[in-house]
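# Tertiary structure, described
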Amino acid sequence: MDERLPQFLHKPVQILWFDAQEFIVVVSTIFVAVIVGGLVGWSLLGVLLLFIPWKRTKPRGFMPHLAWRWGLLKLPRYPGPTQTRFCE
């Protein structure tokens, strides 16, 4: 019997219209925009409107890997972002 396996073992967590990573970015950006206010706050909201469609073109797990690349996050059992040579 051939049984097709799904690409992912589970569906991503979705809050309102956003997945969990998008929701964190949306809430934190709105929070900072309200605190800062003015033209900078409106520009943050504009950047957010451009960021969400761009992020949706990327695969799942893109945000943690982006944070890893910038040195903001360390992934367990994963080489550092400056590692160029690997020995097995």
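Per chain, the residues get numbers from 1 upward, laid out in the order the sequence is written. For this predicted model, a pLDDT threshold of at least 70 governs which residues receive local features, and a threshold of 80 or more governs which side-chain atom pairs are given and counted, while totals over whole chains, interfaces and linings are taken from all residues. Note: side-chain values were computed over all heavy atoms of the structure, leaving out hydrogens and water.

Named according to an unreviewed UniProt entry, the chain is Type IV conjugative transfer system protein TraL originating from Sphingobium soli.

### Concerning a nonpolar patch on the surface
Under the convention used in this document: Patches in this entry comprise residues that are over 30% relatively accessible and not in a salt bridge; like charges within 9 Å are linked, as are nonpolar side chains (Val, Leu, Ile, Met, Phe, Trp, Tyr) within 5 Å. Where accessible areas are quoted, they stem from the Shrake-Rupley method and a 1.4 Å probe; at the residue level, only the protein chains shown are allowed to cover. Here, a salt bridge means any side-chain nitrogen of Lys or Arg that lies within 4 Å of a carboxyl oxygen of Asp or Glu. Going along the chain from the N terminus, every DSSP run of H or I of four or more residues is numbered as a helix, and every run of E of two or more is numbered as a strand.
Taken together, the side chains of Phe31, Val32, Ile35, Val36 and Val40 present a nonpolar region at the surface, about 480 Å² in accessible area. With respect to the helices and strands, Phe31 occurs in helix α1 (residues 20-36).

### Topic: the side chain of Asp19
The test is simple: Contacts described as polar in this section are N or O atom pairs within 3.5 Å, which, within protein, must combine one atom able to donate a hydrogen with one able to accept it, while residues neighboring in sequence count only if both atoms come from side chains. Contacts are assigned to residue pairs that have any heavy atoms within 4.5 Å of one another.
Mapped onto the elements, Asp19 comes out in strand β2 (residues 18-19). For Asp19, the side chain forms a polar contact with the side chain of Lys55, separated by 3.2 Å. Setting aside residues no more than four positions away along its own chain, Asp19 makes contact with Val13, Gln14 and Lys55.

### Quick notes on helix α2 (residues 38-56)
Put simply, the test is: The span one expects for a helix is its residue count, reduced by one, times 1.5 Å. Each residue gets one of three labels from its accessible area relative to the maximum for its type: buried under 20%, exposed over 50%, partly exposed in between, using a 1.4 Å probe on protein chains only.
Helix length check: α2, at 19 residues, gives a terminal C-alpha distance of 28 Å against a target of 27 Å (1.5 Å per residue), a fit within 8%. For α2, the full list of buried residues reads Gly41, Leu48, Phe51, Ile52 and Lys55. As for α2, its buried residues are in contact with β2, α1 and α3 (62-69).

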